[in-house]
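# Summary of the model geometry
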Amino acid sequence: MSGTTTTAERRVLDALDEAQLVDTLVELVRVPSVTGTDAEADLQHTVARWFEETGLEVDLWELDLDDLRADPDFPGTEAPRLEGHGLVGTAPGTGEPGLVLQGHVDVVPVGDLARWPGGDPFSARIDGGVLHGRGACDMKAGLAVNLAVARALHRSGVRTERRLALHSVVSEEDGGLGAFATLRRGHRGEVAVITEPTSSRLVTANAGALTFRVEVPGRAAHGSTRHEGVSAVEAFWPVHLALRALEARRNTDLHPLFGDNPLPYGISVGTVQAGDWASSVPDLLVAQGRMGVRLGEDPVRARLALEEAVADAAAADPWLRDHPPRVTWPGGQFASGRLAEGHPLVGEVAGAVEAVTGTRPAEAAAPYGSDLRLYTGVGGIPTLHYGPGDVRLAHAPRESVPVAEVVEVARALALVAARRLGAH
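Predicted model only: the values in this text are computed from it and were never measured. (Residues numbered from 1 in each chain as written. Predicted model: local features only at pLDDT ≥ 70, side-chain atom pairs only at ≥ 80, totals over all residues. Heavy atoms only, no water.)

## A look at the packing of helix H7 (residues 232–250) against helix H8 (residues 299–315)
Our working definition: Angles run from 0 to 180 degrees between N-to-C directions of axes, and those axes are lines fitted to C-alpha atoms, restricted for helices to the stretch in contact. Think of it this way: any DSSP run of H or I at least four residues long counts as a helix, any run of E at least two long counts as a strand, and we number them from the N terminus. Working rule for angles: under 35 degrees goes down as roughly parallel, over 145 as roughly antiparallel, 65 to 115 as roughly perpendicular, anything else as oblique. In this scheme the crossing of two helices becomes right-handed for a clockwise turn of the near helix relative to the far one and left-handed for an anticlockwise turn of less than a right angle. Any two residues whose heavy atoms approach within 4.5 Å at even a single point are treated as in contact. Note that Gly is not counted as nonpolar here; it falls among the polar residues with everything else outside the nonpolar set of Ala, Val, Leu, Ile, Met, Phe, Trp, Tyr, Cys and Pro and the charged set of Asp, Glu, Lys and Arg.
Relative orientation of the contacting elements H7 and H8 amounts to 140 degrees, with a least axis distance of 9 Å. Relative to H8, the element H7 is oriented oblique. Taken as a pair, H7 and H8 cross one another with a handedness that is right-handed. Every residue of H8 that contacts H7 at Pro238, Val239, Ala242, Leu243, Leu246, Arg249 and Arg250 is listed here: Ala302, Ala305, Leu306, Ala309, Val310 and Ala313. Looking at side-chain class alone, the contact of H7 with H8 contains eleven nonpolar, no polar and two charged residues.

Structure, rendered in structure tokens:
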């Protein structure tokens, strides 16, 4: 370790149990907590028990889904959901927590099982110092880190001037319902670190992401007389080209925080459904996808830009001019988010990381939506991301996280906590 640490800070670092950290991560990954499933709810209750064992005051509550959906700032959801639970653990004491560590328990679906080694996405297999499985980096590793920091503070016996809070949320993957509910319940803090995977960088800004749906009409006919009909598949082509052109226009004059990323505001069509019979001309195509939101851009303006691009494409097409596509906005609606430029939290975290690793992390922006925009926006809490793993491995059968990186991040954030909370 480089840099100077106090006796209390060293006590906290010495109390960090690396073996327990890895065991916790293995246990987390082995729970198939896909967004909206019973396993997601079960895991919140398991984490609540761990919070209690760590000496935290626990607030575990069932989300009022109807009330949250009626809120004008509701962030949207995509996964079917019958229930959800919020969970916050706070160190005993009074006053607003000096630091919040936040993570989400939900993971995305696993896809084709045959693409996973051994056909088991939740094996938590460790091979060559790397832990594999769905949720390994997105973001069970971050959850394990948060708990390890709280355990180290508790086990060290140090006293702190301010309190630590851990927020464990559901439904991050489809919009941020859990974070929104936590903030609406009144949980706050002076600053927050979300331990999403950041590849050793400090992520201080996120692009947004909006889910869109485009319905393109055609005219049905028998396949043998297709000239009597209009294929919705072929009618979609000018719409697709318009989306590509819009994407190109929106990815100019990029913020330097995005570095060499040429496409931080991607527009991607994720699903296309058309037709119901092989020998019929399809009379409807439904395309769904996601649209990136620029930093500082009102999502209303982003939606309008896509709607206008589709409308202009339709106006120039002989069929679509009289049969216009319909654009709607279901599912998750992520605004962009950003920590205020020059906020001292950046220096605090960077200094602790440098003290632990010997390298000062770079500041960056991420092209995906996250709970950061809810914490900085709805919550008014200065927030950044710093966590173990590479997001490029998330949502894929190759998802994994290096164990050494998990330990390194835990030590850095334990030092952040000790310093920010005034350990003595």
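## A few points about the nonpolar core
To keep things clear, this is the line we draw: As used in this record, nonpolar core signifies buried Ala, Val, Leu, Ile, Met, Phe, Trp, Tyr and Cys residues forming a set joined through side-chain atoms within 4.5 Å. Buried residues are those whose accessible area, probed at 1.4 Å on protein chains only, stays under 20% of the maximum for their type, while exposed residues exceed 50% and partly exposed ones sit between those limits.
Ranked by size, the top nonpolar core spans 89 residues in total, and within it Leu99, Leu131, Val349, Tyr375 and Tyr386 carry the most contacts. If we ignore the near neighbours within four places in the chain, the residues touching leucine 131 are Leu25, Val26, Val29, Ala124, Arg125, Ile126, Ala136, Glu399, Ser400, Val401 and Val403. Membership of the second largest hydrophobic core comes to 26 residues, among which are Ala235, Leu243, Leu285 and Leu306.

## Quick notes on the packing of aromatic side chains
To keep things clear, this is the line we draw: When two rings of Phe, Tyr or Trp (its six-membered ring) have centres within 6.5 Å they constitute a pair, described as stacked for plane angles under 30 degrees, edge-to-face for angles over 60, and tilted for the intermediate range. Remark: a charge is flagged as sitting over a ring if the NZ atom of Lys or the CZ atom of Arg is within 6 Å of the ring centre and within 35 degrees of the ring normal.
Summed over the entire model, instances satisfying the criterion amount to two aromatic pairs. The interplanar angle of 75 degrees and the centroid separation of 5.4 Å between the aromatic rings of phenylalanine 258 and tyrosine 265 together place this pair among those described as edge-to-face. This pair shows no difference in class: phenylalanine 258 is buried, exactly as tyrosine 265 is. Between the NZ or CZ atom of arginine 151 and the centre of the ring of tryptophan 50, over which it lies, the distance is 5.8 Å.

## With respect to the sheet that holds strand S5 (residues 130–132)
Using the following cut-off: At least two DSSP bridges between two strands are required for those strands to pair.
Spatially, S4-S5-S17 is the arrangement adopted by the three strands of the open sheet, whose pairing is antiparallel. Of all the strands in the sheet, the pair left with one neighbour each is strand S4 (126–127) and strand S17 (400–402). As paired elements, S4 and S5 share two bridges and run antiparallel to each other. Bridge pairing in S5 places aspartate 127 opposite valine 130. The sheet strands contacting helix H2 (residues 18–29) are S4, S5 and S17, and the helix crosses S5 at an angle near 20 degrees. Along the sheet, helix H5 (residues 136–156) contacts S5 and S17; its crossing angle with S17, the most-contacted strand, is approximately 45 degrees.

## Some words on empty space enclosed by the protein
Keep this limit in mind: Each cavity reported here is a set of points on a 1 Å grid over the protein atoms alone in which a 1.4 Å probe fits but cannot get out, each pocket an open set with protein on both sides within 12 Å along at least five of seven lines, and each lining residue one with an atom within 4 Å of a point. Grid points are joined across faces, edges and corners, and a volume is the space filled by probe spheres set on the points.
Applying the stated criterion to the full structure yields two cavities of 30 Å³ or more. Along its surface, the largest cavity is lined by 13 residues, and Val47, Phe51, Leu143, Asn146 and Leu147 are the ones closest to its centre. Within the residue set of the lining of the largest cavity, elements represented by two or more residues are H2, helix H3 (38–53), H5 and strand S6 (164–169). It is H5 that provides the largest number of residues to the lining of the largest cavity, a total of four residues. Estimated volume of the second largest cavity: approximately 40 Å³. Taken together, Ala15, Leu16, Asp17, Gln20, Leu21, Ala148, Arg151, Ala152 and Arg155 make up the lining of the second largest cavity.

## Focus on the layout of surface pockets
In this structure, the largest pocket occupies an estimated 1100 Å³ of space. Lining the largest pocket are 34 residues, with Val108, Glu173, Arg290, Phe334 and His395 sitting closest to its centre. Looking at the lining of the largest pocket, the elements that each hand over two or more residues are strand S9 (208–217), strand S10 (267–274) and strand S11 (284–293). It is S11 that provides the largest number of residues to the lining of the largest pocket, a total of three residues. When the residues that make up the lining of the largest pocket are grouped by side-chain class, the tally is 14 nonpolar, 13 polar and seven charged. Of the volumes computed, that of the second largest pocket is approximately 380 Å³. Along the wall of the second largest pocket there are 18 residues; nearest its centre are Ala91, Pro92, Leu153, Val158 and Thr160. With three residues, the single largest contributor to the lining of the second largest pocket is H5. Grouping the amino acids of the lining of the second largest pocket by side-chain chemistry returns eight nonpolar, six polar and four charged.

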